[in-house]
Amino acid sequence: MKTKIILLVTVFMFCILSAYAPVFAEEKSRALIIYSPNDLEDLTQVRILDTIVSRFTSDITIASDEESLNLDEYSHVFYIGLIKKKISTSLIQQMEEFKGEMVFFGSNVEQLTKRFEFVSTGEFETIRSVSIPQSDITTEIEETRRITKINVKENQEILVLGDDTKPLIIHDKNSYYVGTTNFHNPIGMVIGETLYEIFDKQKNGQKVKYLRLEDIHPKTDAKNLKNIAMYLKNQKIPYLVTVIPVYTSTKTKEEIHFSDVPKLVEVLKYMQKNGASFVLHGYKHQYRETETGEGFEFWDVQNNRPIYQSKDDKIIIPTNQEEQLMLEEYERQYIKDAIENGVTEMIAHNLYPLAFEAPHYAMSQSGYEILSGYFSTYVGQLQITDQSRKSTYGSITSGKPSFLHGMTSIPETMGYIEKDIRNPENPFAESLQNMKSMGDDVSQYSDGYLGAFYHPYLGLDTLKEVIKILNSFPNTTWLDLKQLPNKVEVENVLIQSKNGEVTIEKNIVSSDYEMNIFVKNSFMYVLILGGLLFCFAVYFIAARQNNMPTSNLKRDQAK
């Protein structure tokens, strides 16, 4: 009997520990990314690596190699040697004695004479493709990349090759050397694939695909959108819809809100009820005199900087910290107003956004921090620095990079469809082929997202071709954003989703916009009621007058 009790307790404890094993694994994985502060380019590569690593742990610390560090606090250490420099004696000693997994990129590896004695490097060489031995993974690179030549010793394990013959990633025990500091894809993709081994994580073999309908605003054709929504419902496909609450005419400057297009709102409600999850895509999707859906909203393209001033103000180039802080405060309030107005106008029509996407993926680092106070989920590619909106990175997996301040990133990996006017007979052929090619590359890698977006004005027929492409990839499942834990919170409003259910907590009237709609509707109901009462009164009076002669006639007959 005692033996049975012990056995039962053992089994019970094993089940409890098994249930919480993923949590424990997540807690023990603490990553430290060390970089040199001598060059702004470091920040670009640091944030890309941050994004790649975030697939495996959200506990990521970014630090300069000139800071006082304690490596024993971490399970994984990454050092980016972008420039040649003397590493401090203290840091070298810690890296030599570090018991966890360590990945070293680029220059200065020869200073760790013990841990990386297996690494012998030479001059630079170039590559145009990357591949992973013992797998079918191989991806072409659009431009020539320069890597450090690695002289492989006998029996050295090679994890990644360039041009099928040039070692790019090698390792010995728990030490890994990578012969590049340029992590833009596809190199970032192969680094991510090797991290499964480095973090001792299992590949689930199931990829996620999604369709995103882009740039839905108050001028969108409601009938065309309804046809697409009905098709996706019949196909039982969940999908994302990016919504812009306000359309501004470039000619008249007139603003059109959803309150002005009730038929479109009804279509959006139909979509929300039948598979769609909404993503707030800015408030106006414009800053200067550009058409809604075409312009930028959170990046001043003309001056290549964040939104620091009103579009009509004379540009201020800050000369001191006080002026810089003033500009940054303007950006902060500008972004907050746009987000709060966007969310409150949508919920006033019972449309509930679950995530955010910046127009053209352009947003400053400060913008991401502000956004994280409202949204838990971000969709699309990421702007890596404030130096240029063109400095973006598109991960192929979901994660929580530290510069998103807790937001989960859902990547877009397959681009979009555009019309080729040079080919009038088949204007979408090249774009569809490019989308398929990008999907083919991504589908080689573990746990990747196959995400594509589509503008509904291109019609239903071409959308069907996109769906055909997405369905061509095996072992995939459609993303239903409502199944994920999402949270959106502005003043007086809390939207949450989980396991397919969306819950909303809000005041009866949560904004001035909603109050105006309420008053407008109330006035309309009063007019309708007043009209009915007036008609009833007229009818009653007319009926009474018509009855009077009849009564008099009966009295005369009685006499």
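Residues numbered from 1 in each chain as written. Predicted model: local features only at pLDDT ≥ 70, side-chain atom pairs only at ≥ 80, totals over all residues. Heavy atoms only, no water.

**Points about the overall build of the chain**
For step 1, the next point in the chain: Looking only at helices and strands, the chain features 11 helices and 24 strands.
For step 2, the next point in the chain: Sorting the 559 residues of the chain into buried and exposed places 49% on the buried side.
For step 3, the next point in the chain: Within the chain, counting contacts between residues at least 6 apart in sequence, those at least 24 apart form 67% of the total.
For step 4, the next point in the chain: Looking at the chain as shown, the accessible area adds up to about 28400 Å², and 52% of this sits on carbon and sulfur atoms. (Helix = DSSP H or I, 4+ residues; strand = E, 2+ residues; numbered from the N terminus. Buried < 20%, exposed > 50% of the residue type's maximum accessible area, 1.4 Å probe, protein only. Contact = heavy atoms within 4.5 Å. Areas by Shrake-Rupley, 256 points an atom, 1.4 Å probe, with all protein chains shown as cover.)

**Quick look at the sheet that holds strand β3 (residues 76-81)**
For step 1, the next point in the chain: The 9 strands lie next to each other as β2-β1-β3-β4-β9-β8-β7-β5-β6, forming an open sheet whose pairing is mixed. The outermost strands of the open sheet, each flanked by one partner alone, are β2 (60-64) and β6 (138-150). Ignoring strand direction, the axes of neighbouring strands in this sheet form an average angle of 25°.
For step 2, the next point in the chain: Across 4 bridges, strand β1 (residues 31-35) lies against β3 in parallel orientation. Residue pairing in the sheet places isoleucine 33 in a bridge with phenylalanine 78 of β3. (Pairing = 2+ DSSP bridges. Axes fitted to C-alpha atoms, helices over the stretch in contact; angles between N-to-C directions.)

**Side note on the sheet that holds strand β23 (residues 493-498)**
For step 1, the next point in the chain: Spatial ordering of the open sheet is given by β22-β23-β24, a layout of 3 strands whose pairing is antiparallel. Strand pairing shows two members of the sheet lacking a second neighbour, β22 (486-490) and β24 (501-506), which therefore form its edges. Neighbouring strand axes in the sheet, compared pairwise and without regard to direction, differ in orientation by 10° on average.
For step 2, the next point in the chain: As paired strands, β23 and β24 are joined by 6 bridges and run antiparallel to one another. Along β24, the bridge assignment pairs lysine 498 with glutamate 501.

**Comments concerning the packing of helix α5 (residues 222-234) against helix α6 (residues 262-273)**
For step 1, the next point in the chain: Interhelical geometry of α5 versus α6 gives an angle of 10° and a closest axis separation of 10 Å. Judged on the interaxial angle alone, α6 and α5 are roughly parallel. On α6, the residues touching Ala222, Leu225, Lys226, Ala229, Met230 and Lys233 of α5 are Lys263, Leu264, Val267, Leu268, Tyr270 and Met271.
For step 2, the next point in the chain: Classifying every residue of the contact of α5 with α6 by side-chain character gives 9 nonpolar, no polar and 3 charged. (Parallel < 35°, antiparallel > 145°, perpendicular 65-115°, else oblique. Nonpolar A, V, L, I, M, F, W, Y, C, P; charged D, E, K, R; others polar.)

**Some points on helix α4 (residues 187-198)**
For step 1, the next point in the chain: Across its 12 residues, α4 extends 16 Å between first and last C-alpha, which sits within 8% of the 16 Å expected from 1.5 Å per residue.
For step 2, the next point in the chain: Burial of α4 is extensive: 11 of the 12 residues sit out of reach of the surface.
For step 3, the next point in the chain: Burial in α4 covers these residues: Ile187, Gly188, Met189, Val190, Ile191, Gly192, Glu193, Thr194, Leu195, Tyr196 and Ile198.
For step 4, the next point in the chain: Phi turns positive, to about 55°, at aspartate 200, one or two residues after α4. (Expected span 1.5 Å × (residues − 1).)

**Considering unusual backbone geometry**
For step 1, the next point in the chain: Between asparagine 185 and proline 186 the backbone carries a cis peptide bond, its omega angle lying at 10°.
For step 2, the next point in the chain: Along the chain, proline 186 falls in the loop between β9 (175-178) and α4.
For step 3, the next point in the chain: Although it is not a glycine, lysine 173 sits at a positive phi angle of roughly 55°.
For step 4, the next point in the chain: Along the chain, the position of lysine 173 falls in the loop between β8 (166-172) and β9.
For step 5, the next point in the chain: Phi at aspartate 447 is positive, roughly 60°, even though this residue is not glycine.
For step 6, the next point in the chain: For aspartate 447, the position within the fold is in the loop between α9 (429-443) and β20 (449-454).
For step 7, the next point in the chain: Take aspartate 447: its relative accessible area is 7%, and that puts it in the buried class.

**Topic: the pairing of β8**
For step 1, the next point in the chain: When you tally the buried positions in β8, you get 5 out of 7 residues, the bulk of the element.
For step 2, the next point in the chain: Sheet topology places strand β7 (residues 157-162) next to β8; 5 bridges connect them, and they run antiparallel. Across the sheet, glutamate 157 pairs through a bridge with histidine 171, a residue of β8.
For step 3, the next point in the chain: Hairpin connection from β7 to β8: 3 residues lie between these consecutive antiparallel strands, with aspartate 163 at a positive phi of about 50°.
For step 4, the next point in the chain: The turn linking β8 back onto β9 is made up of 2 residues, and lysine 173 within it adopts a positive phi angle of 55°.

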